[in-house]
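Now for the letters of each chain:
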Amino acid sequence: MSANEPVLPQGAGYGVGEFRQGIGLFFSAFMLGLTAIQARYTGFSPKNSEEFNSASRSVKPGLIASGIVSAWTWAATLLQSSAVAYKDGISGPWWYGSGATVQVLLFAQLAAKLKLNAPHAHTWLEIVAARWGTVAHLVFMFFGLATNIIVSSMLILGGSATVTSLTGMSTIAACFLIPLGVAIYVVVGGMRATLLCDYTHTTVLFAIIFVFVYTVYATSDKIGSFQAMHDLLAKASEAAPVAGNAQGSYLTMRSKNGLIFGVINVIGNFATVFQDQAYWQRAIASRPASCVKAYLLGGLAWFAIPFMFSTTLGLAAVALRGDPAMRTLSPADVSAGLPASAAAAALLGKSGAAALLIVLFLAVTSATSAELIAVSSILTYDVYKKYFNPQATEAQILKMSHAMVALFAIVMGLLGVIFFYIGISMGWLYEFMGVVLGSAVVPIAMCITWSKANKWGSICGAISGFCVGIIVWLVTTSSLNGGELSVTTTGGDLEMLAGNLASIGVGGIVTVVTSLIWPDNFDFEATRAINRTSLHEKDASQGSESIDDSASEKKRPTAEVTLQPVVSATAAAEEEERELDPVALKKSFSIAAWASVILTLVMLIIIPLPLFFAQTVYGVGGLTAWVVIGMIWAFCSAIAVVLYPLWESRAALTLISRGVIKDIFTRGSGKFVEQPANPNA
C-alpha cells in the first residue's frame, strides 16, 4: 500500500473498533449516562436553565481548569502546531504554545472582574448591553458570533481533513457527523455535561500524547532516541535548509518565520479567548472564590499539549522524510495540518492512525461542545430574551437553549462544507482570525475592567480597527504579490502579520485614547444588577440547586449534617454572599494581574527572545533537555487537570457512590432527595 493512501478503512471514520455506529454517538451515549447519574444522585438537574447554561455557578477549580484545557484544545492545537513544527523546527511548538497560553493566563483578570462587577451575568454581551446600551450590544455581538463561527469552522475543517486523510471518508459526511453527534449530549446535559465531557476527553488526550512521546523518543525502530531524532533533523536541514532559520536548521529558536507566526498567534488568540463566550462560560460556571486559580492552572496545564504533541509528531514528520511509510506532504497538506497524521501512521501504522483519529476526535468534539453551548447562550439570552421575549419563563429559556444547540450544530456542518469547497484551510483561517476579530479585544477587556472606558470610543475602536485591518491585509498582499489576490497570496505570513497588527493596534489605540480624552465614570452598579432580581426571586420560590454539596454540609451545624448533603436556599444565599465579598475578589484580581503579567513576560520575552538572538543550533544535549522539560511539564499538567479534579470532588463522588450502592441493594432508595433548610421548622 502506498504511504499516500488512507491508512484506515472508511468505516473507521464512522466508528472505531466495535463501535460501528460512530465514535461520536458512543461518547454521546457515555455522556448521557453520566448526566443521568448526576440527575439521580446529586442535587443538580439539567432541566433547570441556570444549571443548563452555567452549571449553577458551583464548579470547582480543578474541573474548570480541565474544561479550559479541553475547550482550548482545538483541532488546530494538535494539527496546526505540528504543521508549524514541520515548517519551522523546534521554535514552532514554543511559539504556538506560549502564543496561545498567555491569553488564558491574562483572562484570569477578566474572570476576577466578572465575579466582582457582573456576578450574575450569563454572557459577556449582557455586560456590554448593561453598560453601553443596544448599539454597542449589537456591534460586539457581531464580533462575538464571528469568533464562534471562525473557531467552529477551524474545528470542522481540521477534523474533517484529518479523518478524510486517514480513512478516505467523505469530507462532507465528516463535517456534519462531528457537530451533530456532540449536540446530543449537550442538549441533554448542558454545561455540566460539557465539563464532564471535557474532563473525560482531557484524560484520554494526555494518555495518547504520552504514547506518542514515548514511541518517538524511546521505543520506535524508526527514531527511538534523542540521538536519532537529532541526527535525522540535522540530515533534513542539510537536504532542505529552512529559510530564515539559523544555519537553515530545525534545531534552533532563531527562526524568522517562527517569530512572525508567534506574533500572529498571540494577536489572533487574544480575539478567540476574550471574545469567545466559551471561556466566559467557564468563568461564569466557576465558584467566585476559585475562578482565578482555575484559569491560571488551566493556562499553564494547556501549554504542554501543543508543545509536546508538536515537538513529537511535528518533528517526527520532518525526521521521517523519505521513509517508505511516510506520506509525501505538499504545501496544501501542511496547511491542512496533515504532518501529525502522516507521522503517526508512519510510526505505528494502523494503530498510530487510529490513535490520532481518536485524539483528534476528542479534541474536536470537546471544543465543539464548548462552542455549541456558548452560541446557545448568546442566542438565548442576548437575542431571544433581550429582543423577542424579555419576560421569558424558565421553561421557554430552556427550550430555546436546546433549540439553539441543535441549530448551531447544523450551521457548523454547513460552514465546514462551504469553506472546504471554496478552498479555505484550517491553517489559513487560523492566521486570518486576528485580522477580523482583533479590533474588539481591547474594547471588550476595557468594558469589564476600566471604569473610564468611553462607550463611543470603544465602539469606534472596534469598527475602525476591523476596517483598517482588512484594508492593510489586502493592500499588503497586493503590494507583495504584484497585485494578485488569492487564497494562496492572502495567506502569507507577512500579509497576515500586517492585518493582525493593524486590527488590534488601531482598535486598542482608538479605545484608549478616546477614553483618556473623554473618560466615563462608570460605577458598575448596573452590571452588578444583571439578573440579580430574577435569581433571588427564583431562589425564594423554588429553592436553589446551585450549592456545592461539601460546602453546604460545612455550613450546617454538626448536629444537622446528615449522610445526604443538604441543598437549601438559605445556604445558597450565604455561600454566594461569602464568595462574592468585594475585598476578597479585589485581592483575587490583584493576584491574577501579577501572576498573569509575570508569566506572560516569561513565556513571550524572557525565555524565547534571548534564545532567538543567540542563534544557537542545539546539539543532542540541547534537544534532550528541551524534550525532557516538556515531558515534565506534561506530567505536571496531567496531575493538575486529571488527578486534582478527582481529589477536590471526592465528597460528590462519595455521595454518588452511596446512592448507587443503595439502589443496588434496595431499588429506588438511592435517589438524591433535597432536604429543607430546617427540618424542625
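Basis of the calculations
Residues numbered from 1 in each chain as written. Predicted model: local features only at pLDDT ≥ 70, side-chain atom pairs only at ≥ 80, totals over all residues. Heavy atoms only, no water. Helix = DSSP H or I, 4+ residues; strand = E, 2+ residues; numbered from the N terminus. Buried < 20%, exposed > 50% of the residue type's maximum accessible area, 1.4 Å probe, protein only. Contact = heavy atoms within 4.5 Å. Areas by Shrake-Rupley, 256 points an atom, 1.4 Å probe, with all protein chains shown as cover. Salt bridge = Lys/Arg side-chain N within 4 Å of Asp/Glu carboxyl O. Patch = residues over 30% accessible without salt bridge, like charges linked within 9 Å, V, L, I, M, F, W, Y side chains within 5 Å. Expected span 1.5 Å × (residues − 1). pLDDT = per-residue confidence, 0-100. Core = buried A, V, L, I, M, F, W, Y, C linked by side-chain atoms within 4.5 Å. Axes fitted to C-alpha atoms, helices over the stretch in contact; angles between N-to-C directions. Parallel < 35°, antiparallel > 145°, perpendicular 65-115°, else oblique. Left-handed = near helix turned anticlockwise from the far one by under 90°. Nonpolar A, V, L, I, M, F, W, Y, C, P; charged D, E, K, R; others polar. Phe/Tyr/Trp six-rings, centres within 6.5 Å; stacked < 30°, edge-to-face > 60°.

K.L.:
What is the right way to look at the overall build of the protein in this model?
P.N.:
In terms of helices and strands, the protein carries 29 helices and zero strands. Looking at the protein as a whole, 60% of its 681 residues are labelled buried. Sequence separation of at least 24 residues holds for 84% of the intrachain contacts in the protein that already meet a minimum separation of 6. Counting every atom, the protein has about 24500 Å² of accessible surface; 68% of that belongs to carbon and sulfur.

K.L.:
What is the right way to look at the pattern of salt bridges in this model?
P.N.:
Opposite charge on two side chains allows them to pair when their charged atoms are near. All told, the structure shown has three salt bridges when counted by the stated rule. The salt bridge involving Glu-525 is made with Arg-528; its shortest N-O contact spans 3.0 Å. Taken together, the residues span about one helical turn, with Glu-525 and Arg-528 both in helix H22 (residues 525-528) at a distance of three residues. Given a relative accessible area of 43%, Glu-525 falls into the partly exposed group.

K.L.:
Help me understand unusual backbone geometry in this model?
P.N.:
Backbone geometry follows two general trends: most residues other than glycine have a negative phi, and most peptide bonds adopt the trans configuration. Even without a glycine there, the phi angle at Gln-247 is positive, about 55°. Residue position: Gln-247 is located in the loop between helix H10 (226-239) and helix H11 (256-274). Of note in the backbone geometry, Phe-524 takes a positive phi value of approximately 70° without being a glycine.

K.L.:
Teacher, can you tell me more about a nonpolar patch on the surface here?
P.N.:
A cluster of nonpolar side chains, namely Leu-180, Ile-410, Leu-414, Ile-418 and Ile-422, defines an oily patch on the protein surface of about 440 Å² accessible area. Sorting elements by how many residues they give to the nonpolar patch places helix H16 (residues 394-421) first, with three residues.

K.L.:
Mind showing me how you'd approach the side chain of Ser-220 here?
P.N.:
Mapped onto the secondary structure, Ser-220 falls in the loop between helix H9 (171-219) and H10. With sequence-adjacent residues up to four places away left out, Ser-220 is seen in contact with Thr-215 and Leu-347.

K.L.:
Is there a simple way to explain helix H4 (residues 61-72) in this structure?
P.N.:
Each α-helix turn comprises 3.6 residues. Residues three or four places apart therefore point the same way. Counted at 1.5 Å a residue, the expected span for H4 with its 12 residues is 16 Å, and the 16 Å between its end C-alpha atoms agrees. Residues Pro-61, Gly-62, Leu-63, Ile-64, Ala-65, Ser-66, Gly-67, Ile-68, Val-69, Ser-70, Ala-71 and Trp-72 constitute the buried set of H4.

K.L.:
Sorry if this is basic, but what is going on with the confidence of the model for the protein here?
P.N.:
Parts of the model with low pLDDT should not have their predicted coordinates read in detail. Mean pLDDT over the protein: 80, with 81% of residues reaching 70 or higher. At the low end of the mean pLDDT range in the protein sits helix H24 (residues 549-555), at 38; at the high end sits helix H19 (residues 455-480), at 94. Note on residues 10-21: pLDDT under 50 across the span, and 25 contacts to partners over four residues away in sequence or across chains. Across residues 538-573 the pLDDT falls below 50, and counting only partners more than four positions away or on other chains, this stretch makes 69 contacts in the model.

K.L.:
What am I meant to see in the nonpolar core here?
P.N.:
For soluble globular proteins, the rule of thumb is that nonpolar side chains tend to be buried together. Trp-74, Phe-140 and Met-229 are the most contacted members of the largest nonpolar core, which totals 180 residues. With sequence-adjacent residues up to four places away left out, Phe-140 is seen in contact with Trp-124, Leu-125, Val-128, Trp-132, Ala-440, Pro-443, Ile-444, Ser-458, Ile-459 and Ala-462.

K.L.:
I tried to follow the packing of H11 against helix H18 (residues 441-449) on my own but got confused; where do I start?
P.N.:
When two helices pack together, their arrangement is given by the angle between their axes and by how far apart the axes lie. The geometry of H11 relative to H18 is characterised by a closest axis approach of 9 Å and an angle of 45° between their N-to-C directions. Overall, the two elements H11 and H18 adopt an arrangement that is oblique. The element H11 and its partner H18 pack so that their crossing is left-handed. Residues Phe-270, Ala-271 and Phe-274 of H11 form the contact with H18, whose participating residues are Val-441, Ile-444 and Ala-445. Here the residues of the contact of H11 with H18 are counted per class, giving six nonpolar, no polar and no charged.

K.L.:
Help me understand the packing of aromatic side chains in this model?
P.N.:
What characterises a pair of aromatic rings is the spacing of the ring centres plus the angle enclosed by the ring planes. For the structure shown, the criterion picks out 32 aromatic pairs. On the numbers, 6.2 Å between centres and 90° between planes, the contact of Trp-94 with Phe-307 is edge-to-face. Taken together, the residues Trp-94 in helix H6 (residues 91-117) and Phe-307 in helix H13 (residues 291-319) connect sequence positions 213 residues apart. The pair Trp-94 / Phe-307 is uniform in exposure class, with both members buried.

K.L.:
So what exactly am I meant to see when it comes to the packing of H4 against helix H12 (residues 277-285) here?
P.N.:
Axis separation between H4 and H12 bottoms out at 10 Å; the angle between their running directions is 175°. In terms of their interaxial angle, H4 and H12 are classed as roughly antiparallel. Taking contact as the criterion, the partners of Ile-64, Gly-67, Ile-68, Ala-71 and Trp-72 in H4 are, on H12, Tyr-279, Arg-282 and Ala-285. A per-class count over the contact of H4 with H12 returns six nonpolar, one polar and one charged.

K.L.:
How do you make sense of the side chain of Thr-600 when you look at a structure like this?
P.N.:
With respect to the helices, strands and loops of the structure, Thr-600 is situated in helix H26 (residues 582-606). In contact with Thr-600, other than residues within four places in its own chain, are Val-102, Leu-106 and Ile-605.

K.L.:
Got a minute to help me understand the environment of Ile-607 in this structure?
P.N.:
Mapped onto the secondary structure, Ile-607 falls in the loop between H26 and helix H27 (608-614). Owing to a relative accessible area of 32%, Ile-607 belongs among the partly exposed residues under this scheme. Taking C-alpha positions, Ile-607 is 9.9 Å from Trp-94, a pair spaced 513 residues apart along the chain. In this structure Ile-607 touches Trp-94 and Val-602, once residues within four positions along its chain are discounted.

K.L.:
Just checking my understanding: could you explain the environment of Val-660 for this structure?
P.N.:
Mapping Val-660 onto the fold places it in helix H29 (residues 650-665). With 623 residues separating them in the primary sequence, Val-660 and Ile-37 have C-alpha atoms 8.7 Å apart.

K.L.:
I'm lost on helix H5 (residues 75-88) in this one. Help?
P.N.:
For H5, which comprises 14 residues, the first-to-last C-alpha distance of 19 Å matches the rise-based estimate of 20 Å (1.5 Å per residue) to within 8%. The element H5 is extensively covered by neighbouring structure, given that 13 of its 14 residues are classed as buried.

K.L.:
Would you mind showing me how to read the environment of Gly-505 here?
P.N.:
Its place among the elements puts Gly-505 in helix H21 (residues 493-517). The spacing of Gly-505 and Gly-469 is 36 residues in sequence and 8.9 Å in space, taken between C-alpha atoms.

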